Number of protein chains: 2
Amino acid sequence: MTLELLSSNKCFGGWNKRYRHRSRTLDCEMVFGIYLPPQAVRGAKLPVVYWLSGLTCTDENFMHKAGAQRLAAELGLVLVTPDTSPRGPGVPDDPEGAWDFGLGAGFYVDATQHPWAQHYRMHDYVVRELPALIEAEFPVSELRAISGHSMGGHGAMVCALRNPGRYRSVSAFAPIGNPISSPWGEKAFTHLLGDDHATWKPWDACALIAATRGKDCERLPILVDQGEDDEFVDLQLKPEVLRASAETSGYPLTLRRQPGYDHSYYFVASFIEDHLRYHAQHLAQPSA
Amino acid sequence: MTLELLSSNKCFGGWNKRYRHRSRTLDCEMVFGIYLPPQAVRGAKLPVVYWLSGLTCTDENFMHKAGAQRLAAELGLVLVTPDTSPRGPGVPDDPEGAWDFGLGAGFYVDATQHPWAQHYRMHDYVVRELPALIEAEFPVSELRAISGHSMGGHGAMVCALRNPGRYRSVSAFAPIGNPISSPWGEKAFTHLLGDDHATWKPWDACALIAATRGKDCERLPILVDQGEDDEFVDLQLKPEVLRASAETSGYPLTLRRQPGYDHSYYFVASFIEDHLRYHAQHLAQPSA
């Protein structure tokens, strides 16, 4: 059995489900969430929005708190929420048990360092293994969008920037925009990628945006919302570095600063409608 | 200081806040949640929808999971979420530590039995002390509506039925409709109210509905949604007993059975829009 169904709840006329499967990429069992809107239940092949959550989260936070199913049901989108790290027996955690690295904090990169490299390959999992599974087992098309929050916003941008053509659209809420210069990113990348900072740049949205300059590759527009009262904005998230990087490179970035909003899911819930309509619009356009 | 602010998160242009206060009624410190929509921030005096949650919940479940703030912001409603029981040092819990009675399971009655009577007076708290506090401290009118889920659906109906004129409207999701004949209700009422079943009836929606028959009192219409795949429907919730009681008494009850839905907050989220629009409509009507 490829997929073990853990739960199934009717929601806005569709179904919110959780599945467990064995991941070859991560060498452990993984759980993911999927929302199948009413159109999927009726047999349509629908586009998929992948959502990457932030530090300490699992596949469940977004499905519980963002209010996204209402819109997915209206717009005919499948939502898929992977977990935020490998888990289970034998998967190493932060040596000091901190919440900002290790379990619940895989940072959506492919680790190269011992003991992380065996399991911490979340980029490969999110970009390839999980979509292949979803596209084989569920009534979905090969049209994909990706979004996420905080560490997951970093993940979404990096997935889209590293894999031109794989996503129709990308957005982020309060992303770690420049992880190679943020304490969270520096800690994670040192463990997962080692001390050579040159190996970090292919996992940094700002560096990836800079690298597109002058190249004749796809430059997928990025939509970012950032709360102005987010307690992590200056030290960890650095939206202005992201903006400067995009401006220098002529990269299409829409960065919206939202007065009064913080880093919580109350912020995500307040603007998820804009993001899902943005994705639905791009997913509905004919192929280039 | 009457109110201690615990958290404040901007949400759909308004503010989701949590406060702690000393409750005289419950003889302990209590936490509640309040959503103040943008109209309240601008100084309008708005009606309040009180939401009573179910077994094991706190003030937070509804605010996290129901997606209600979007609608409250649109409709100009304040939302208030009390906790589901007294809490804190000295507040007794279920003798066997079960989840279906005691802490997180106050059943919205006023206990008469030792050791419960000192603290377990959730009805009085929800109907009088908390609204008095809300109406003194926040920009709200004296127009009130009440709703809830499961144990809180029972609570909402009983609050409205016992206090004619106090609420403009009442609704419930999957309420314990006839607690005097459900195992959850029997356990709680035996502890809180004692062995004399005659003392239970004033806390049972079916008995209260029956008692309105032939009387010239206000009969506030009740809107109920019930998922048809709710695992608790037959043993604990008994919507058909509620329906029969209303039919016998000519009481205005709208009971909607929703195919495929279960007892979770995914069900509540799917239909909260209907309920909040229902309450907003009643709250907007001129006084009788």
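Computed from a predicted structure; not experimentally measured.

Criteria and cut-off values
- Residues numbered from 1 in each chain as written.
- Chains lettered and ligands numbered in written order.
- Predicted model: local features only at pLDDT ≥ 70, side-chain atom pairs only at ≥ 80, totals over all residues.
- Heavy atoms only, no water.
- Salt bridge = Lys/Arg side-chain N within 4 Å of Asp/Glu carboxyl O.
- Buried < 20%, exposed > 50% of the residue type's maximum accessible area, 1.4 Å probe, protein only.
- Helix = DSSP H or I, 4+ residues; strand = E, 2+ residues; numbered from the N terminus.
- Contact = heavy atoms within 4.5 Å.
- Pairing = 2+ DSSP bridges.
- Right-handed = clockwise from strand over helix to strand, strands pointing away.

Caption draft 1: Looking closely at the pattern of salt bridges. Per the counting criterion, the structure on display carries 38 salt bridges over all chains. Ionic pairing is found between R144(A) and E135(A), a salt bridge with its closest N-O pair at 2.7 Å. Using a relative accessible area of 7% as the deciding quantity, one classes R144(A) as buried. Linking R257(B) and E240(B) is a salt bridge whose minimum nitrogen-to-oxygen distance equals 2.4 Å. Separated by 17 residues along the polypeptide, R257(B) in strand β9 (residues 253–258) and E240(B) in helix α9 (residues 239–249) bring together distant segments of the chain. Through salt bridges with shared partners, a single ionic network connects R70(A), E74(A), E273(A) and R277(A).

Caption draft 2: Representation of the side chain of N163(B) within the structure. Within the secondary structure, N163(B) sits in the loop between α5 (151–162) and β7 (169–173). Ignoring anything within four residues of it in the chain, the contact list for N163(B) reads H123(B), V127(B) and R128(B).

Caption draft 3: A look at the pairing of strand β6 (residues 140–148) of chain B. Residue and element names in this part refer to chain B. A large share of β6 lies buried, amounting to seven of its nine residues. Summarising the sheet, strand β4 (residues 46–52) and β6 pair through six bridges and their orientation is parallel. Paired with V48 across the bridge in β6 is R144. Note on the crossover from β6 through α5 to β7: the handedness is right-handed.

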